[in-house]
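Examination of the molecular architecture
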Amino acid sequence: MRFAIVIMAAGKGTRLKSKRAKVLHQIGGKALLEHVIHAATQIVPPQDVYVVIGHQGGAVQSAVSSLGVNFITQAEQRGTGHAIQTARQAVTRYEHIIVLSGDVPLLQPETIASLRDFHLAERAAMTILTAVPADPNGYGRVLRKSPGSAEVAAIVEDKALTSQQASVREINSGIYAFTSNSLFQLINELNTNNAHGEYYLTDMARILVQEKQRVVGIEAANATEVLGANTLAEMAELDAAMRLATARKLMAQGVTIYRPETSVIDSGVTVGPDTVIEPYVQLLGDTHVGESCRIRSYSVIENSTLDHHVLVQNGCILNDSHAHAGAQLGPYARLRPGSEIGEDAHIGNFVETKKTRIGKGSKANHLSYLGDAEIGSGVNIGAGTITCNYDGANKHRTLIEDSVFVGSDTTLVAPIVIGEGSYIAAGSSITEDVPADALALGRARQTTKAGWATSRRAQVRTTRDIEKGR
Ligand code: UD1
Ligand code: CA
């Protein structure tokens, strides 16, 4: 049990100007803190991860409690140094401590591992993960003892930089490894003589160096990984970076993505090879797409599964649904939670489904509402068919057996069973069960009045003539 990981996540995130705690803001479809915990638990088991919470601590804890990590409450947020002072009791028994920031979400486990290995190899008291990003403004800068040296003299916060120091491009990522003994022997030396009146963890570098302890820096291979999210604009940049990385990973696995910069794909989404994703598609949450599918523009698919060879036409919205192999959806289909579309089935334009299973090869091609329904295979649902599933108080089920033909503009008043192979005449309102192989008609009989229109036209002319005094 040599390493603990402490994640600092107690701060308010004043610069976001948001009511929500910073670490609960999302990029790539997950909270910042969730990303950091996922990286941490690739390095040490969750029971060795300690999250320092404070601002909206309850909400933060419940958002990530399922990940099995420990929580430490920093009731008053008096700086990053104070956050680690608060964690002292919980982690002092570990030989080494890795400190991560809850607002640096792109960090990869491999980078944490190389920080750990460098720290051990250098036998350092403190090892700082550094980077040289395109724009170092706003970050603390790392002052090396001499150019090219592994050793660090101090970290200077952005606001405290002298004009000479301002030209230093190497930044502090806010991610460190410490040897516990050295850290906790001297952590009480921190003071609040700075622009924010806070205990800065960054000051440990200078304090340790003064005590002749070894402080080193290792530059991250990829500067993007250590970018922090302090404002909503930075949050948007990190979100775009993460989604682009997800899109690239999928492309490397054989997925065609046109205009990947326009697609919004959450990090947990999987897509099979030879699938084509057109511009402006969103694949969100726990969504899994099979091989050789095509997802056309402006479709939004959340927590749903598509098997192989599924075609999603433009503008479809899917939530918590499942489409089997060869199914075709849309354009403009809406699959609400609990929709299961069978193999080779078609759900066409302006068709809405909810808690409905549709069997193999069945078709509902136009303008329908199918809710709380179980529909067999080879069924044809005519345009404008509605399951009347709600009586104002309760929901009721509709069962349509195999090979049924439902004519257009039919209302099916649930609970109701339409027997196998039966026909429903167009325009029917069906309120009673239909036995297999029957024809059900539920509409007023048509009356046709010969010559009615001619006599009406004659009458209209007469009235007008009278009005005009003719
Ligand atoms: C910090 C570093 C800066 C570095 C930057 C990298 C300090 C003083 N500065 O600045 O050198 O370049 O990170 O991103 O450390 N937190 C607590 N308790 C507190 C205060 C903060 O848990 O009392 C947490 C925050 O929630 C956040 C993290 O610590 O997750 C960093 O705090 P933040 O205020 O964002 O520090 P920066 O100003 O970004
Ligand atoms: Ca920060």
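Conventions we followed
Residues numbered from 1 in each chain as written. Chains lettered and ligands numbered in written order. Predicted model: local features only at pLDDT ≥ 70, side-chain atom pairs only at ≥ 80, totals over all residues. Heavy atoms only, no water. Domains from an automatic or database assignment. Buried area = accessible area lost by both parts, 1.4 Å probe. Salt bridge = Lys/Arg side-chain N within 4 Å of Asp/Glu carboxyl O. Helix = DSSP H or I, 4+ residues; strand = E, 2+ residues; numbered from the N terminus. Nonpolar A, V, L, I, M, F, W, Y, C, P; charged D, E, K, R; others polar. Buried < 20%, exposed > 50% of the residue type's maximum accessible area, 1.4 Å probe, protein only. Near = heavy atom within 4 Å. Polar contact = N/O pair within 3.5 Å; in protein donor to acceptor, adjacent residues only side chain to side chain. Areas by Shrake-Rupley, 256 points an atom, 1.4 Å probe, with all protein chains shown as cover. Phe/Tyr/Trp six-rings, centres within 6.5 Å; stacked < 30°, edge-to-face > 60°. Lys NZ or Arg CZ within 6 Å of the ring centre and 35° of its normal. Donors = N, O, S within 2.8 Å, 3.2 Å for Na, K, Ca; no water. Pairing = 2+ DSSP bridges.

This part covers the domain arrangement of the chain. Taken as a whole, the chain is organised into domain 1 (3–226) and domain 2 (232–440). A C-alpha centroid distance of 46 Å is found between domain 1 and domain 2. Around 950 Å² of area is buried between domain 1 and domain 2 when both sides are counted, 72% of it from carbon and sulfur atoms. For domain 1, the biggest contributors to the area lost against domain 2 are Ile-27, Gly-28 and Leu-106; these three give 45% of the whole. Counting the contacts that link domain 1 with domain 2 gives zero salt bridges. Of all the elements in the fold, those that place two or more residues in the side of domain 1 that touches domain 2 are strand 2 (26–27) and helix 1 (32–40). Of the residues contributing to the side of domain 1 that touches domain 2, the split by class is five nonpolar, six polar and two charged.

Once that is clear, we can look at the pattern of salt bridges. One pass over the structure, following the stated rule, counts 19 salt bridges. With a shortest N-O distance of 2.6 Å, Arg-144 and Glu-170 are connected by a salt bridge. With Arg-144 in strand 8 (residues 141–144) and Glu-170 in the loop between strand 9 (152–156) and strand 10 (171–179), the pair connects residues that are 26 residues apart, well separated along the chain. Residue Asp-372 pairs with Lys-354 through a salt bridge whose shortest N-O separation is 3.1 Å. Remark: Lys-354 occurs in strand 28 (residues 352–354) and Asp-372 occurs in the loop between strand 31 (369–371) and strand 32 (373–375); sequence separation between them is 18 residues. The same class applies to Asp-372 and to Lys-354, which are both buried. In the salt-bridge network here, residues are joined through shared partners; they are Glu-122, Lys-145, Glu-151 and Arg-214.

Residues in close proximity to ligand 1 total 24 residues, the closest being Gln-74, Gly-79, Thr-80, Glu-157 and Asn-172. One of the backbone nitrogen or oxygen atoms of Ala-10 is found 2.9 Å away from an oxygen atom of ligand 1. Taking Gly-79, its main chain carries an N or O atom lying 2.8 Å from an oxygen atom of ligand 1. In isolation ligand 1 exposes 770 Å². Once the protein is present, 90% of that is buried.

Turning next to the packing of aromatic side chains. Within this structure, the stated rule accounts for five aromatic pairs. Arranged with centres 5.9 Å apart and planes meeting at 75 degrees, the rings of Tyr-50 and Tyr-94 form a pair that is edge-to-face. In this pair, Tyr-50 is assigned in strand 4 (residues 49–53) and Tyr-94 in the loop between helix 3 (80–91) and strand 6 (96–101), connecting sequence segments 44 residues apart. Exposure remark for Tyr-50: the relative accessible area of 6% places this residue in the buried category. Judged by centre distance (5.8 Å) and plane angle (15 degrees), the ring pair of Tyr-280 and Tyr-298 falls under stacked. Taken as a pair, Tyr-280 in the loop between strand 15 (276–277) and strand 16 (282–284) and Tyr-298 in the loop between strand 18 (294–295) and strand 19 (300–302) lie far apart in primary sequence, 18 residues in all. Its guanidinium or amino end placed over the ring of Tyr-390, Lys-395 lies 5.3 Å from that ring's centre, counting from NZ or CZ.

With that out of the way, let us pick up the coordination of the calcium ion (ligand 2). Within the protein, the atoms that donate to the calcium ion (ligand 2) are Asp-103 (OD) and Asn-230 (OD1), at distances of 2.3 to 2.5 Å. Separated by 127 residues along the polypeptide, Asp-103 in the loop between strand 6 and helix 4 (109–122) and Asn-230 in the loop between strand 11 (215–219) and helix 7 (232–252) bring together distant segments of the chain. As far as the burial class goes, Asp-103 and Asn-230 line up, both buried.

Take unusual backbone geometry next. Put simply, Gly-330 and Pro-331 share a cis peptide bond, and its omega is 0 degrees. Of note, Pro-331 is situated in the loop between strand 24 (328–329) and strand 25 (334–335). Residue Pro-415 follows Ala-414 across a cis peptide bond; omega there is 0 degrees. Tracing the sequence through the fold places Pro-415 in the loop between strand 37 (411–413) and strand 38 (416–418). In this model, Tyr-280 sits at a positive phi of 60 degrees, which is unusual for a non-glycine residue.

Moving on: the sheet that holds strand 24. Within a sheet, adjacent strands bond to each other through the backbone by hydrogen bonds, running parallel or antiparallel. Read across the open sheet, the eleven strands follow the order 12-15-18-21-24-27-30-33-36-39-41; overall the sheet is parallel. The sheet terminates laterally at strand 12 (256–257) and strand 41 (439–440), the two strands that pair on one side only. The pairing of strand 30 (residues 363–366) with strand 33 (residues 380–381) spans two bridges and is classified as parallel. Along strand 33, the bridge assignment pairs Ala-364 with Ile-381.

Another aspect to go through is the pairing of strand 6. The two faces of a sheet get side chains in turn, since along a regular strand they alternate between them. In terms of burial, strand 6 is a largely internal element, six of the six residues being buried. Of the two faces of strand 6, the one carrying His-96, Ile-98 and Leu-100 and the one carrying Ile-97, Val-99 and Ser-101 are both buried. Of the pairings in the sheet, the one linking strand 1 (residues 3–8) to strand 6 comprises six bridges and is parallel in character. Looking at strand 6, one finds that Phe-3 is bridged to His-96. Sheet topology note: the strand 6/strand 10 ladder contains four bridges and is antiparallel. Considered in strand 10, the bridge of Ile-97 is made with Phe-178.

So, about the sheet that holds strand 29 (residues 357–358). Reading across from one edge, 14-17-20-23-26-29-32-35-38 is the order of the nine strands in this open sheet, with parallel pairing throughout. The outermost strands of the open sheet, each flanked by one partner alone, are strand 14 (270–271) and strand 38. Direction of pairing for strand 14 relative to strand 17 (residues 288–289): parallel, over a ladder of two bridges. Within the sheet, the bridge partner assigned to Val-271 lies in strand 17 and is Val-289.

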